[in-house]
Amino acid sequence: MRIYDVSVPLSGRTPIYPGDPGLEVQPWKSLAKGDSANVSFLHFGAHTATHVDAPAHFIDGGKKVSDLPLEVLIGQARVIEAPPELIEIDEAFVRTQSLDKVTRVLFKTRNSDFWLESQEAFRKDFTCLTHNAALLLIDKGIRLVGIDYLSVEKFKSAKHETHLSLLENGVVILEGLNLSEVPAGDYELLCLPLLIAEGTGDGAPARTVLRTI
């Protein structure tokens, strides 16, 4: 059995979606300075690095991240690799995939190579999921959709139709995966977002791994 850690590390070099809070990891207490222990101070937004979007992210009164069912976040998932020239995962591409008895899909795209770059800048040209593709996934009974960059939706989307359609239909969105080392195929997904009990509950970072079946 092999375990793939598909989480993006939290560091000052991690790209941040424009407009989201910056990421800081600073010492609060330090043994080197004579304190009794090392204690770190963390500052970051709920949608930093690998994270889960809850319905409350776009829907007023929607389900919060603390209410998401663990049975959706843990279980068999299919990694689907898109050709590198594909800039949008569209309905036509989804129709080429056999998704019988599949309830979780993770799209591996050219985005995963972005995490291997040394630059810290956010990439606006990431591969995304179209609205029509999202509707088809909903129709096929998919309950979780993952992608390997910080948003499932095209940058600067005016209406957020992809997000809204998925979240309104109870589909969990998992963003910011690094699937660069993961071959296409079926795995066991273990995705555990932080149990944030206050605020709007719009989302949370998640340590996420895949295990071979």
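In case you missed it, the structure is sitting above this.
Residues numbered from 1 in each chain as written. Predicted model: local features only at pLDDT ≥ 70, side-chain atom pairs only at ≥ 80, totals over all residues. Heavy atoms only, no water.

Enquirer: Sorry if this is basic, but what is going on with a nonpolar patch on the surface here?
Expert: A cluster of nonpolar residues, Trp28, Val39 and Phe41, forms a patch on the protein surface that exposes about 310 Å² of accessible area. Accessibility expressed as a relative area gives 33% for Phe41, which makes it partly exposed. (Patch = residues over 30% accessible without salt bridge, like charges linked within 9 Å, V, L, I, M, F, W, Y side chains within 5 Å. Areas by Shrake-Rupley, 256 points an atom, 1.4 Å probe, with all protein chains shown as cover. Salt bridge = Lys/Arg side-chain N within 4 Å of Asp/Glu carboxyl O. Buried < 20%, exposed > 50% of the residue type's maximum accessible area, 1.4 Å probe, protein only.)

Enquirer: How do you make sense of helix H4 (residues 161-168) when you look at a structure like this?
Expert: Each turn of an α-helix holds 3.6 residues, which means side chains three or four residues apart point in the same direction. Looking at H4, one finds that the buried residues are Thr162, His163, Ser165, Leu166 and Leu167. Elements in contact with the buried residues of H4: strand E4 (51-53), strand E8 (128-129), helix H3 (131-139), strand E9 (144-147) and strand E10 (172-175). Positive backbone phi, approximately 75°, marks Gly170, located one or two places after H4. (Helix = DSSP H or I, 4+ residues; strand = E, 2+ residues; numbered from the N terminus. Contact = heavy atoms within 4.5 Å.)

Enquirer: Looking at this model, I keep getting lost on the environment of Leu68. Mind explaining?
Expert: Relative to the elements of secondary structure, Leu68 occurs in the loop between E4 and helix H1 (70-73). Of the residues examined, Leu68 reaches a relative accessible area of 9% and is grouped as buried. Along the chain, Leu68 and Ser30 lie 38 residues apart, while their C-alpha atoms are 36 Å from each other. Residues contacting Leu68, with those up to four places away along its chain left out, are Val52, Ala54, Pro55, Lys63, Leu73 and Val172.

Enquirer: When you look at the pattern of salt bridges in this model, what are you seeing that I'm missing?
Expert: Pairs can form between side chains of opposite charge once their charged atoms are near each other. Taken as a whole and assessed by the stated rule, the structure comprises seven salt bridges. Two residues, Arg207 and Asp5, come together in a salt bridge whose shortest N-O distance is 2.7 Å. Placement of Arg207 in strand E12 (residues 203-212) and of Asp5 in strand E1 (residues 3-5) is noted, with a sequence separation of 202 residues between them. Residue class for Arg207 comes out exposed when judged on its relative accessible area of 58%. For Asp5, a relative accessible area of 39% translates into the label partly exposed. Measuring nitrogen to oxygen at the nearest pair gives 2.8 Å for the salt bridge that ties Arg95 to Glu91. Of this pair, Arg95 and Glu91 both sit in helix H2 (residues 91-95), four residues apart, which is roughly one turn of that helix. Accessibility expressed as a relative area gives 55% for Arg95, which makes it exposed. Several salt bridges converge on common partners, so that one network encompasses Arg110, Glu117, Arg123 and Asp125.

Enquirer: Just to check I follow, could you spell out the packing of aromatic side chains for this structure?
Expert: Each aromatic ring pair is characterised by the separation of its centres together with the angle its planes make. As enumerated under the stated definition, the model contains ten aromatic pairs in all. Cluster of aromatic residues (ring-pair linked, three or more members): Tyr17, Phe114, Trp115, Phe122, Phe126, Tyr149 and Phe155. Looking at Arg123, its charged tip hangs above the ring of Phe114, at a distance of 3.9 Å from the centre. (Phe/Tyr/Trp six-rings, centres within 6.5 Å; stacked < 30°, edge-to-face > 60°. Lys NZ or Arg CZ within 6 Å of the ring centre and 35° of its normal.)

Enquirer: Would you take a moment to explain unusual backbone geometry for this structure?
Expert: Working note: non-glycine residues mostly have negative phi, and peptide bonds are mostly trans. Phi angles above zero are rare outside glycine, and Ala49 is one such case at about 55°. Turning to its location among the elements, Ala49 is positioned in the loop between strand E3 (39-43) and E4.

Enquirer: Honestly, the environment of Lys124 in this entry has me stumped. Any pointers?
Expert: When you line up the elements, Lys124 lands in the loop between strand E7 (104-108) and E8. Taking relative accessible area as the criterion, Lys124 reaches 56% and is therefore assigned exposed. Linking Lys124 and Val79, residues 45 residues apart in sequence, is a C-alpha distance of 23 Å.

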